[in-house]
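The chain contents come next:
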Amino acid sequence: MTIAVGDKLPDVKLVKAGANGPEPVQSSEYFAGKKVALFSVPGAFTPTCSAKHLPGFVEKAGDLKAKGVDEIVATAVNDAFVLGAWNKASGSDDITMLADGNAEFAGALGLTMDGSGFGMGQRGQRFSMVVNDGVVEQLNVEAPGTFEVSSADYMLGQL
């Protein structure tokens, strides 16, 4: 079952790519009490993710925060070291990277995809959502192979 607007995020362990290395976080605690612009990519350093998705949120971070977003979070089925390196290479301090290394978060959301045809195994789909105090307010899931509704610009139009 896929998560929907109005649903509470599932409570799973994620790993934050912190300044001093990986930091375990519990999703129910992490998303509590704040408004978060969350986006998911199939993989760090992959073409669309690195050329469009992450850069759009970096570029529009100030605009998102001006519209009431407290934090911008990126997630992917990668480990915290990879996400930390990706943020260092292409991101900014405005983006928090939460690793979903075992696809538990993507799976609990019902938003996984099979990337084995590309040698990537089980991954999270490309999507974005606005989460307010742990509850999904907006949900934008991309059709396979597209990048239209999960961008920072699209999200800004929803806020």
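Located above this text is the structure these notes cover.
The paragraphs below set out a description of the structure included in this document. (Residues numbered from 1 in each chain as written. Predicted model: local features only at pLDDT ≥ 70, side-chain atom pairs only at ≥ 80, totals over all residues. Heavy atoms only, no water.)

Quick look at the pattern of salt bridges now. Taken as a whole and assessed by the stated rule, the structure comprises five salt bridges. The partner of Glu-137 in a salt bridge is Lys-35, and the shortest N-O contact between them spans 3.7 Å. Here Glu-137, found in strand β9 (residues 135-141), pairs with Lys-35, found in strand β3 (residues 35-41); they are 102 residues apart in sequence, far enough to count as distant. Salt-bridge contacts for Lys-60 lead to Glu-59; the nearest nitrogen and oxygen are separated by 3.7 Å. Residue Lys-60 is classed as buried on the basis of its relative accessible area of 18%. (Salt bridge = Lys/Arg side-chain N within 4 Å of Asp/Glu carboxyl O. Helix = DSSP H or I, 4+ residues; strand = E, 2+ residues; numbered from the N terminus. Buried < 20%, exposed > 50% of the residue type's maximum accessible area, 1.4 Å probe, protein only.)

Spatial strand order, β2-β1-β5-β4-β3-β8-β9: seven strands in an open sheet with mixed pairing. The open sheet terminates on both sides in strands that have one partner only, identified here as β2 (21-26) and β9. Between one strand axis and the next, the sheet turns through 30° on average, direction left out of account. Sheet topology places strand β1 (residues 13-18) next to strand β5 (residues 95-99); two bridges connect them, and they run antiparallel. Opposite Val-15, over in β5, you have Ala-99 as the bridge partner. Across the sheet, helix α4 (residues 80-90) lies against β1, β2, β3, β4 (71-76) and β5, angled at about 160° from β5, the strand it touches most. (Pairing = 2+ DSSP bridges. Axes fitted to C-alpha atoms, helices over the stretch in contact; angles between N-to-C directions. Contact = heavy atoms within 4.5 Å.)

Before going further, it helps to spend a moment on α4. Within α4 the residues assigned to the buried category are Ala-80, Leu-83, Trp-86 and Asn-87. The buried residues of α4 all sit within an arc of 125° when viewed along its axis, so they share a single face. When the buried face of α4 is taken as reference, the exposed residues oriented beyond 90 degrees from it are Phe-81, Lys-88 and Ala-89. The backbone nitrogen of Phe-81 has a side-chain oxygen 2.9 Å away, supplied by the residue at the start of α4, namely Asp-79. (Arc of directions from axis to C-beta. Polar contact = N/O pair within 3.5 Å; in protein donor to acceptor, adjacent residues only side chain to side chain.)

Moving on to the environment of Ala-103. If you trace the backbone, Ala-103 turns up in the loop between β5 and α5 (104-109). Remark: the alpha-carbon pair of Ala-103 and Val-77, spanning 26 residues in sequence, is separated by 5.5 Å. Ignoring sequence-local partners within four residues, the contact set of Ala-103 consists of Val-77 and Gln-122.

Turning to the pairing of β2, a few remarks are in order. Where β1 and β2 come together, six bridges link them in antiparallel fashion. The residue of β2 that forms the bridge with Ala-17 is Pro-22. The turn joining β1 and β2, which pair antiparallel and follow one another in sequence, is formed by two residues.

Turning our eyes to something else, we now look at unusual backbone geometry. The phi torsion at Ala-103 lies on the positive side, around 60°, for a residue other than glycine. For Ala-103, a relative accessible area of 10% puts it in the buried group.

Right, let's talk about the side chain of Asn-78 for a bit. Structurally, the position occupied by Asn-78 is in the loop between β4 and α4. Under the relative-accessibility criterion, Asn-78 is labelled buried at 13%. Engagement of the side chain of Asn-78 in a polar contact is seen with the backbone nitrogen of Ala-44, the distance being 2.9 Å.

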